[in-house]
Amino acid sequence: MTAVDVPAWVRAFAALVDAQAEELTDLDAAIGDADHGTNMQRGLTAAVAALDDSASSGSDDSASAADAAKQTAMTLIRTIGGASGPLYGTFFLRFAGAIETGSDIADFARAFRAGLDGVIARGKADPGDKTMVDALTPAADALDKHVAAGDSAVAALDAAVHAAAAGRDATIPLIARKGRASYLGERSAGHQDPGATSAALLVRAAREALR
């Protein structure tokens, strides 16, 4: 059965962030506190270490998926500074609470949507506010659309990756209405949002973790 392996997803996300930490920090330097890359890198390094310390002990797939997501949530909340820790932590915590069988793309899509809903509730952000929501929302929509059509996990996640990237790029002309960037007003326009950029990496990592 084709499903996203959650521990592998977190590890892939950590590797992508590690490779692009400098870019994430440079993006944040333009409209934020210049620490998004280093903060995400630190938090995900800790999350991978925690997963390694509590490697699966033969539990079923759904328990492993939920447990890995919850452990990741708690680690990110503790170790990532600023708003990103609570937001990514909330995403994984809501994901953990929603995952059921952990065995197919439909279950993943439902849990991903729950994670997005948690981010929106926590950050009070909507699409168009120039935040990570601008990448996560089109990705969730793409997952839902392809699952409803009965498409394969590969097709659904490929579409989600493209949608998240398009959402990320669409933040460039926007004026930030949430977070540190909102203090800049119109000067925030013309810059790619670092949160949307890391969120697009989260979606890409899910595609890489497909088994």
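Throughout what follows, the structure given in this document is the object of discussion. As the structure is a computational prediction, the values presented were derived from the model and not from experiment.

Some thoughts on the packing of helix α7 (residues 133-148) against helix α9 (residues 194-208)
Logical step 1: At a minimum axis separation of 7 Å, α7 and α9 run at an interaxial angle of 30°. As summarised for this structure, α7 and α9 are arranged roughly parallel, according to the angle between their axes. Note on element contacts: α9 touches α7 through Ala196, Ala199, Ala200, Leu202 and Val203, opposite Ala135, Leu136 and Ala139.
Logical step 2: Counted by class, the contact of α7 with α9 contains 8 nonpolar, no polar and no charged residues.

Thoughts on the packing of helix α1 (residues 6-19) against helix α3 (residues 36-53)
Logical step 1: α3 packs onto α1 with a crossing angle of 150° between their chain directions and a minimal axis gap of 9 Å. Judged on the interaxial angle alone, α3 and α1 are roughly antiparallel. Between α1 and α3 the crossing geometry is left-handed. Taking contact as the criterion, the partners of Pro7, Val10, Arg11, Phe13, Ala14, Val17 and Asp18 in α1 are, on α3, Gly37, Met40, Gln41, Leu44, Ala47, Val48, Leu51 and Asp52.

Quick word on the nonpolar core
Logical step 1: Counting 62 residues, the largest nonpolar core has Trp9, Phe13, Phe92, Phe108, Phe112, Leu136 and Leu143 as its most contacted members.
Logical step 2: Of all elements in the fold, only α1, α3, α4 (61-79), α5 (84-98), α6 (105-123), α7, α8 (153-169) and α9 reach the threshold of two or more residues within this core.
Logical step 3: Residues in contact with Phe112, not counting those within four places in the same chain, are Trp9, Phe91, Phe95, Leu136, Ala139, Ala140, Leu143 and Val203.

A look at unusual backbone geometry
A negative phi angle characterises most non-glycine residues, just as the trans form characterises most peptide bonds.
Logical step 1: Positive phi outside glycine occurs at Ala34, with the angle close to 60°.
Logical step 2: Take Ala34: it is sitting in the loop between α2 (21-31) and α3.
Logical step 3: Residue class for Ala34 comes out partly exposed when judged on its relative accessible area of 37%.
Logical step 4: Unlike most non-glycine residues, Lys130 shows phi in positive territory, near 70°.
Logical step 5: Along the polypeptide, Lys130 turns up in the loop between α6 and α7.
Logical step 6: For Lys130, a relative accessible area of 1% puts it in the buried group.

Description of the packing of aromatic side chains
Logical step 1: In the structure shown here, the tally under the stated rule is 10 aromatic pairs.
Logical step 2: Pairing Trp9 with Phe92 gives two aromatic rings, centres 5.3 Å apart and planes at 55°, and the pair type is tilted. Of this pair, Trp9 sits in helix α1 while Phe92 sits in helix α5, placing them 83 residues apart in sequence. There is no split in this pair, since Trp9 and Phe92 are both buried.
Logical step 3: Seen in terms of ring centroids, Phe13 and Tyr88 are 5.7 Å apart; in terms of plane orientation they differ by 45°. Their pairing is tilted. A residue pair is termed long-range when its members are at least 10 positions apart, and Phe13 in helix α1 and Tyr88 in helix α5 qualify at 75 residues.
Logical step 4: The exposure class of Phe13 is buried, given its relative accessible area of 0%.
Logical step 5: Here the aromatic cluster, defined as three or more aromatic residues joined through ring pairs, consists of Trp9, Phe91, Phe92, Phe95, Phe108 and Phe112.

A closer look at the pattern of salt bridges
Logical step 1: What the rule picks out here adds up to 9 salt bridges.
Logical step 2: Asp169 is paired through a salt bridge with Arg168; the nearest N and O atoms lie 2.8 Å apart.
Logical step 3: Look at Asp169 and you get partly exposed, because its relative accessible area is 36%.
Logical step 4: For Glu208, the salt bridge is made with Arg204, and the minimal N-O distance between the two is 3.6 Å. Of this pair, Glu208 and Arg204 both sit in helix α9, separated by 4 residues, roughly a single helical turn.
Logical step 5: When salt bridges that share partners are traced, they join Glu100, Asp107 and Arg110 into one network.

Remarks on the layout of surface pockets
Logical step 1: By volume, the largest pocket amounts to about 550 Å³.
Logical step 2: Taken together, 27 residues line the largest pocket, and the ones lying closest to its centre are Ala83, Ser84, Leu87, Gly179 and Arg180.
Logical step 3: Going through the elements one at a time, α2, α3, α5, α6 and α9 are the ones with two or more residues in the lining of the largest pocket.
Logical step 4: Tallied by class, residues from the lining of the largest pocket come to 10 nonpolar, 10 polar and 7 charged.

Procedures and definitions
- Residues numbered from 1 in each chain as written.
- Predicted model: local features only at pLDDT ≥ 70, side-chain atom pairs only at ≥ 80, totals over all residues.
- Heavy atoms only, no water.
- Axes fitted to C-alpha atoms, helices over the stretch in contact; angles between N-to-C directions.
- Helix = DSSP H or I, 4+ residues; strand = E, 2+ residues; numbered from the N terminus.
- Parallel < 35°, antiparallel > 145°, perpendicular 65-115°, else oblique.
- Contact = heavy atoms within 4.5 Å.
- Nonpolar A, V, L, I, M, F, W, Y, C, P; charged D, E, K, R; others polar.
- Left-handed = near helix turned anticlockwise from the far one by under 90°.
- Core = buried A, V, L, I, M, F, W, Y, C linked by side-chain atoms within 4.5 Å.
- Buried < 20%, exposed > 50% of the residue type's maximum accessible area, 1.4 Å probe, protein only.
- Phe/Tyr/Trp six-rings, centres within 6.5 Å; stacked < 30°, edge-to-face > 60°.
- Salt bridge = Lys/Arg side-chain N within 4 Å of Asp/Glu carboxyl O.
- 1 Å grid on protein atoms, 1.4 Å probe; cavity = no way out; pocket = protein on both sides within 12 Å on 5 of 7 lines; lining within 4 Å.
- Points joined across faces, edges and corners; volume = space filled by probe spheres on them.

Any functional reading would require information that these geometric values do not contain.
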